[in-house]
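Listed below, chain by chain, are the residues.
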Amino acid sequence: MQARLWLLLAAQLAALHGSLALVQTPASLMVQTNQTVMLSCKINTSPSNTRIYWLRLRQALSTSSHYEFLAYWESTKKTVHSKEVDKEKLTVLGNSPQNVLKLQSVKPADSGVYFCMIIGMPNLIFGTGTQLSVVDVLPTSPQPTQKTSPKKKVCRPPNPVTRKRLSCAPLITGLLVAGVLILLVSLGVAIHLRCLQMRARLRLLKQFYK
């Protein structure tokens, strides 16, 4: 059965969320043009005959983001490609629980986030994703700079005779409040990115309904 039909059947059963973990390595990768790239996907808990699909998200998460189906590995046909994929450039090696996507002679246009995916019951389950950046020239590492150690402020205990001096408590309280605010902002950003990712996956489902 073709990959498009499999995805349609799974999409009719449930939304994009799952409990089985797909771990991808590396999490991010930057390489030069014309290099060969190997992206790995491992299923932590799943039957040994589970088929692993590979997809790509070319642009950053937004309301207009959409997934491109690339290929999957089939025991009799080996790599089964999408019609839009260059068969000489992309190869899928092996099946679950360990699967590898091999990209040859990569170009800047190949940059994006690559996801492996399986069809669970009843959900589509996505991997953790690998951010691939292809550049013509790798950035050089900046020279390490010598950092001067800042002078530590010593908080002296209040004088038992004169207690009108400033204590350390306001400083500690201010640091705690600043830390809480930073955590709240980070949580808000994470929730926003998660919502954008869910919208992008829903767009993927809608493409297979067409």
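The residue count restarts for each chain, going from 1 along the sequence in the order it is written. In view of the model being predicted, local features appear only for residues whose pLDDT reaches at least 70, and side-chain atom pairs are presented and counted only at 80 or more, with totals across whole chains, interfaces and linings using the full set of residues. In computing side-chain values, all of the structure's heavy atoms are included and hydrogens and water are not.

Trainee: A description of the pattern of salt bridges should follow, citing residues and the corresponding values.
Mentor: Every case where a carboxyl oxygen of Asp or Glu lies within 4 Å of a side-chain nitrogen of Lys or Arg is listed as a salt bridge. Scanning the model with the defined rule gives five salt bridges in all. Here arginine 56 ties to glutamate 68 by a salt bridge, and the two come within 3.4 Å at their closest N and O atoms. Here arginine 56, found in strand 4 (residues 53–57), pairs with glutamate 68, found in strand 5 (residues 68–74); they are 12 residues apart in sequence, far enough to count as distant. Buried, partly exposed and exposed residues are distinguished by accessible area as a fraction of the type maximum, computed with a 1.4 Å probe on protein chains only: under 20%, between the cut-offs, and over 50%, respectively. Of the residues examined, arginine 56 reaches a relative accessible area of 8% and is grouped as buried. In this structure, lysine 89 and aspartate 110 form a salt bridge, with 2.4 Å as the shortest nitrogen-oxygen distance. One end of the pair, lysine 89, is in the loop between strand 6 (78–81) and strand 7 (90–93); the other, aspartate 110, is in the loop between strand 8 (98–103) and strand 9 (112–119), and 21 residues separate them in sequence. You'll find lysine 89 and aspartate 110 in the same group, each marked buried. Connected through salt bridges with shared partners, the residues Arg56, Arg58, Glu68, Lys89 and Asp110 form a single ionic network. Numbering of helices and strands starts at the N terminus; helices are DSSP runs of H or I of at least 4 residues and strands are runs of E of at least 2.

Trainee: Before we move on, can you summarise the environment of tyrosine 67 with the specific residues and values?
Mentor: Considering the arrangement of structural elements, one finds tyrosine 67 in the loop between strand 4 and strand 5. As for tyrosine 67 and leucine 204, which are separated by 137 residues in sequence, their C-alpha atoms are 5.6 Å apart.

Trainee: How would you summarise the pairing of strand 4 if you had to cite specific residues and measurements?
Mentor: A large share of strand 4 lies buried, amounting to five of its five residues. Of the two faces of strand 4, both are covered, the one formed by Tyr53, Leu55 and Leu57 as well as the one formed by Trp54 and Arg56. Two strands make a pair as long as DSSP finds a minimum of two bridges between them. Sheet topology note: the strand 4/strand 5 ladder contains four bridges and is antiparallel. By the bridge assignment for strand 5, tryptophan 54 is matched with alanine 71.

Trainee: Account for the sheet that holds strand 7, with residues named and values stated.
Mentor: With respect to topology, four strands assemble into an open sheet ordered 1-3-8-7, the strand pairing being antiparallel. On the outer flanks of this sheet lie strand 1 (22–25) and strand 7, each paired with one strand and no other. When the angles between neighbouring strand axes are averaged without regard to direction, this sheet yields 20 degrees. Here strand 1 pairs with strand 3 (residues 37–43) via four bridges, running antiparallel. Paired with threonine 25 across the bridge in strand 3 is serine 40. Axis angles are defined between N-to-C directions and span 0 to 180 degrees, where every axis is a line fitted to C-alpha atoms and, for a helix, only to the segment in contact.

Everything listed here is a matter of geometry and, on its own, says nothing about what the molecule does.
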